[in-house]
Amino acid sequence: MRPVAFTNVRLVDPASGYDGPGAVVITEGVIADVAHAPTLGGLSADVEVVDAGGALLIPGLVDIRVKTGEPGAEPKETLKSAALAAAAGGVTTIVVQPDTHPVMDEPAVVDFILRRARDIELVNVYPAGAATKGCEGKRMAEIGLMHEAGCLYVTDADRPIVDSKVFQRVLSYAKAFNTPVAHRPADPWLSAGAAATSGEFAARMGLPSVPAIAERIMLERDLALVELTGARLIVDQVTTAGALESLRRGLGRGLPVTATTSINHLSFNEIDIGDYRTFCKVDPPLRSEDDRQAVIDAIASGLIQVVVSAHAPAPAEDKRLPYDEAAPGAVGLQTLLPALLAFHHEGRIPLIDLIRTVTSAPATLLGLPAGRIAKGAPADLVLCDLNAPVVIDADKLVSKSKNSPFDGRRLQGRVLQTLVDGRTVYRA
Amino acid sequence: MNGAPPGLNEVLTRTFSFPKRHFLSATDLNEVEVANLLDLADGFVSLNRQTSKKLDLLKGRTLMNLFFENSTRTQSSFELAGKRLGADVVNMSPRSSSISKGETLIDTAVTLNAMQPDLLVVRHASSGAASLLSQKVGCSVVNAGDGQHEHPTQALLDALSMRRAFGRIAGLKVAICGDVLHSRVARSNIALLQMLGAHVRLVGPPTLIPPAADRWNVEVFHDMRKGIAGCDVVMMLRLQLERMDGVMAPSQREYFRFYGLDREKLALAAPHVRVMHPGPMNRGVEIDSEVADDLSVSLIQDQVEMGVAARMAVLTSLAARLENER
């Protein structure tokens, strides 16, 4: 592969804290040189120089919560269609969830995912293993063997582990391998059957609902168990102001906890459900505007460190149903970056802090070499036009499922080119 | 003493007074008592290797084996020990006693006490059961395993096996590996080995190591390779198979991968390492057959032999005290 230099870029690299003019040289799939100036001197003649004309160059996005339908529900989404959507959205690393068919609760399924990803050769795909067999919350899965096979963390995805003794054992056991455990903070009894968050809106619409405190209740238990075991916890999507209070206190006690939130909960509130728009049915359900504002503030303050797409494909037949019967979930790989950039364009959060939540923060959390623009790092990069206006058209999304709540939304920021290990995997 | 080997006669004629009425816990013993018990047991090992194994030290005494939990190995070890010392041995088990008819432990104790046994050997699934019995009977009680608490004669026989293999116990590095959480063998061994000056390490997944074990003056390892590195003795513990199906460990194959003793892991221990296991073993789960059956490293068969001798030493010592009392 011929070495390439991108010159005249606005380089934003949260890992080094740099936001300014820059240039980057890529050789053999690796970042060979970085300059904090628009040009680089002394390039040899065989280097292909691309003048980016001031476009934004950031590390490829690392999205640690992605569902595909493979194995088991390929009509929804395959690893390949998800990887294509990721590439188009500037996401160069995805971590796929274990709640597939069969469930990813043993090393053979981990191997399968990794082999498929190698064959597809688009973006980096890593699996998250199940924390319990069948994601049933009863018996521990083969956490150690899956860790050796290459899974980055364990989780039962959408399903909380209700039995505190089981969860304590999962945390203790995973600690021996320094594997983080991701857990959805949701009280299962309060959440049962809910399609919306309790409040005036859900009451008026007549929707079965869950009080927002269901999140805080489970998070408080989880934090107490982290205190007991010393294990690393990833809080899978904090979406309420009440839970943020618990999180603040837990982090204040020095607990090894990292919280995520989803782009959906940053971008929408319960009113967006409007006339029962099932594309806005996600899990956990959309919250009040006050909660949304608190979550945005938590991103700004660093209380929440990681933003995920929570990409969850659901085909039309699963969504064209009465609201409480419709499948939850939204695709998000392709809209993550422009939706996040909205907070920059509003002047709400500095660009570098936004980019950090989807690059160096998740990469550091999971010990990945990606997520930074530094000499020797893999050349996983995204070139984009920060200000280009885009109107999201769900039908034109690359994903096999088109269930995007962003359909029709006007955003700014367009991916021009995505590189993984120096290979161009997407070009606008 | 009729039929006793010369070494044994010497030990027996020492003015040896064992000051305890019962044998309940390794923590009740002191270094001198343990040394005397081990010397005595050493003598019984020689006796047990002779054609004529019978002594009359416990002649006229009644030893009652009261096993609420089944254990062929320990029960027959005590039975043999009693018989070789000339005692009358009676085996009681829940099926043949009234326990299955709802009688409480203390009622059973009072009933048995009325039969005037001299030595009561008890195994029970509840921690503290042997101690409770000892408060209600007039005879000596030997704890043959109480719940997850202690199994002091196992610790004594393990110490005997180690002392015979290495000539000493002080300074040995001993790694106790596996299900420490539920193991009475581990608790008795930790107490006894530390008293005798060994360095004890505990090795196992965090789910099988008691939460406050780091306060027992032991080193705790969750990585077995690091845990057994340089150790003189690797003592494997049994892990009940039903605990291995996602409860305390994910699966048998994962347990074997990370915490099973095989040649590869054993190579990290000291060159003269000896492997122990209280039995019964789960081959291919906690220990590879290749290791368990290698007589150049395995002390597992010795442990069974030492068991009879160690128990003879305990029974003799307790009976000698009874002699003084009556």
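Model, not experiment: these values are computed from the prediction.

A look at the pattern of salt bridges
All names here are of chain A.
- Considering all chains together, one arrives at 38 salt bridges over all chains under this definition.
- As a salt-bridge pair, D353 and R356 come within 2.7 Å of each other at their nearest N and O atoms. Here R356 and D353 lie together in helix α13 (residues 351-356), a separation of three residues that amounts to about one turn.
- The partly exposed category is assigned to R356, whose relative accessible area is 29%.

Section: the nonpolar core
- L247(A) and L261(B) are the most contacted members of the largest nonpolar core, which has 129 residues in total.
- Discounting residues that sit within four places of it in the chain, L261(B) has contacts with M224(B), I228(B), V234(B), M236(B), L266(B), V275(B), E286(B), I287(B), D288(B) and V291(B).

Quick notes on a nonpolar patch on the surface
- A cluster of nonpolar residues, L190(A), I213(A) and I217(A), forms a patch on the protein surface that exposes about 230 Å² of accessible area.
- On the secondary structure map, I213(A) appears in helix α7 (residues 213-229).

Observations concerning the sheet that holds strand β7 (residues 91-96) of chain A
Residue and element names in this part refer to chain A.
- Strands sit in the order β6-β7-β8 across an open sheet of three strands; the sheet is parallel. The open sheet is flanked by β6 (61-66) and β8 (124-127), the only strands paired with a single partner. Adjacent strand axes in the sheet meet at a mean angle of 20°, parallel and antiparallel pairs treated alike.
- Its contacts with the sheet place helix α2 (residues 107-120) against β7 and β8, and it is angled at close to 175° to β8.

Brief notes about the packing of aromatic side chains
- Under the definition given, this model contains five aromatic pairs over all chains.
- An angle of 35° between the planes, with centres 5.8 Å apart, marks the rings of Y255(B) and Y259(B) as tilted. Of this pair, Y255(B) and Y259(B) are both found in helix α9 (residues 252-259), four residues apart, which corresponds to roughly one turn of the helix. For the pair Y255(B) and Y259(B), a shared accessibility class is recorded, and that class is buried.
- Among the aromatic residues, those joined into a ring-pair cluster are Y173(A), F177(A) and F258(B).
- When the ring centre of Y323(A) is taken as reference, the NZ or CZ atom of K281(A) above it lies at 5.8 Å.
- If you follow R257(B) out to its NZ or CZ, it ends over the ring of F258(B), 5.3 Å from the centre.

Considering empty space enclosed by the protein
All names here are of chain A.
- According to the stated counting rule, one finds three cavities of 30 Å³ or more in the structure shown.
- Its boundaries defined by the atoms lining it, the largest cavity holds a volume of some 50 Å³.
- I64, R65, Q97, Y153, T155, A182, I234, D236, T260 and V308 together form the lining of the largest cavity.
- Among the residues making up the lining of the largest cavity, the classes are represented as five nonpolar, three polar and two charged.
- Roughly 40 Å³ of volume is contained in the second largest cavity.

What about the interface of chain B and chain A?
- Between chain B and chain A, the residue contacts involve 16 residues of the former and 16 residues of the latter.
- With both sides pooled, the region where chain B packs onto chain A buries about 1,400 Å², and carbon together with sulfur makes up 57% of that total.
- Of all residues in chain B, the largest losses of buried area upon contact with chain A belong to P250(B), R253(B) and E254(B), amounting jointly to 32% of the total for that side.
- Linking chain B with chain A are four salt bridges, by the criterion used here.

Some remarks on the layout of surface pockets
Residue and element names in this part refer to chain B.
- The space that makes up the largest pocket amounts to roughly 840 Å³.
- Residues of the lining of the largest pocket, tallied by class, amount to 10 nonpolar, 17 polar and eight charged.
- Counting residues domain by domain, the lining of the largest pocket receives three or more from each of domain 1 (8-150 + 305-325) and domain 2 (152-300).
- As a volume, the second largest pocket reaches approximately 540 Å³.

Regarding α9(B)
- When we look at burial in α9(B), the residues that qualify are E254(B), Y255(B), F258(B) and Y259(B). Looking straight down α9(B), one finds that the buried residues subtend no more than 100° of arc, so they occupy a single side.
- On the buried face of α9(B), the contacting elements are α3 (143-149) and α4 (164-175) of chain A together with α8 (224-228), β8 (233-236) and α10 (263-266) of chain B.

A closer look at the domain arrangement of chain A
Residue and element names in this part refer to chain A.
- What the domain assignment reports for chain A is domain 1 (4-57 + 378-388 + 411-427) and domain 2 (62-366).
- Summarising the inter-unit geometry, the C-alpha centres of domain 1 and domain 2 are found 30 Å apart.
- Each partner contributes residues to the interface: domain 1 has 26 residues there, and domain 2 has 22 residues.
- Between domain 1 and domain 2, the buried area comes to about 1,800 Å², and carbon and sulfur atoms account for 69% of it.
- Where domain 1 touches domain 2, the interface holds four residue pairs in polar contact (both at pLDDT 80 or more).
- Contributions of two or more residues to the side of domain 1 that touches domain 2 are made by β1 (4-13), β2 (18-27), β17 (381-391), β18 (410-420) and β19 (423-427).

A closer look at the confidence of the model for chain B
- Taken residue by residue, chain B gives an average pLDDT of 91. The fraction at 70 or more is 94%.
- In the predicted complex, the global pTM is 0.93; the interface-specific ipTM is 0.88.

As for the side chain of H182(B)
Residue and element names in this part refer to chain B.
- The residue H182 is located in the loop between β5 (173-177) and α7 (184-195) in this model.
- Polar contacts involving the side chain of H182 include one to the side chain of D179, which spans 2.9 Å.
- Residues within four places of H182 in sequence aside, it is in contact with Q148, R187, L208, R243 and M248.

Points about the UniProt feature "binding site: L-aspartate" (unreviewed entry) in chain B
Residues and elements named next belong to chain B.
- Sequence positions flagged by UniProt for "binding site: L-aspartate" (unreviewed entry) are, in local numbering, K101, R184 and R238. As for the annotated residues, the ones lining the largest pocket are R184 and R238.
- Leave out the neighbours within four places in its chain, and R238 touches D179, H277, P280, M281, N282 and E286.
- At a separation of 2.8 Å, a polar atom in the side chain of R238 contacts the main-chain carbonyl oxygen of P280.

Rules behind the numbers
- Residues numbered from 1 in each chain as written.
- Chains lettered and ligands numbered in written order.
- Predicted model: local features only at pLDDT ≥ 70, side-chain atom pairs only at ≥ 80, totals over all residues.
- Heavy atoms only, no water.
- Salt bridge = Lys/Arg side-chain N within 4 Å of Asp/Glu carboxyl O.
- Helix = DSSP H or I, 4+ residues; strand = E, 2+ residues; numbered from the N terminus.
- Buried < 20%, exposed > 50% of the residue type's maximum accessible area, 1.4 Å probe, protein only.
- Core = buried A, V, L, I, M, F, W, Y, C linked by side-chain atoms within 4.5 Å.
- Contact = heavy atoms within 4.5 Å.
- Patch = residues over 30% accessible without salt bridge, like charges linked within 9 Å, V, L, I, M, F, W, Y side chains within 5 Å.
- Areas by Shrake-Rupley, 256 points an atom, 1.4 Å probe, with all protein chains shown as cover.
- Pairing = 2+ DSSP bridges.
- Axes fitted to C-alpha atoms, helices over the stretch in contact; angles between N-to-C directions.
- Phe/Tyr/Trp six-rings, centres within 6.5 Å; stacked < 30°, edge-to-face > 60°.
- Lys NZ or Arg CZ within 6 Å of the ring centre and 35° of its normal.
- 1 Å grid on protein atoms, 1.4 Å probe; cavity = no way out; pocket = protein on both sides within 12 Å on 5 of 7 lines; lining within 4 Å.
- Points joined across faces, edges and corners; volume = space filled by probe spheres on them.
- Nonpolar A, V, L, I, M, F, W, Y, C, P; charged D, E, K, R; others polar.
- Buried area = accessible area lost by both parts, 1.4 Å probe.
- Domains from an automatic or database assignment.
- Arc of directions from axis to C-beta.
- Polar contact = N/O pair within 3.5 Å; in protein donor to acceptor, adjacent residues only side chain to side chain.
- pLDDT = per-residue confidence, 0-100.
- UniProt positions renumbered as here; feature names shortened; annotations may be inferred.

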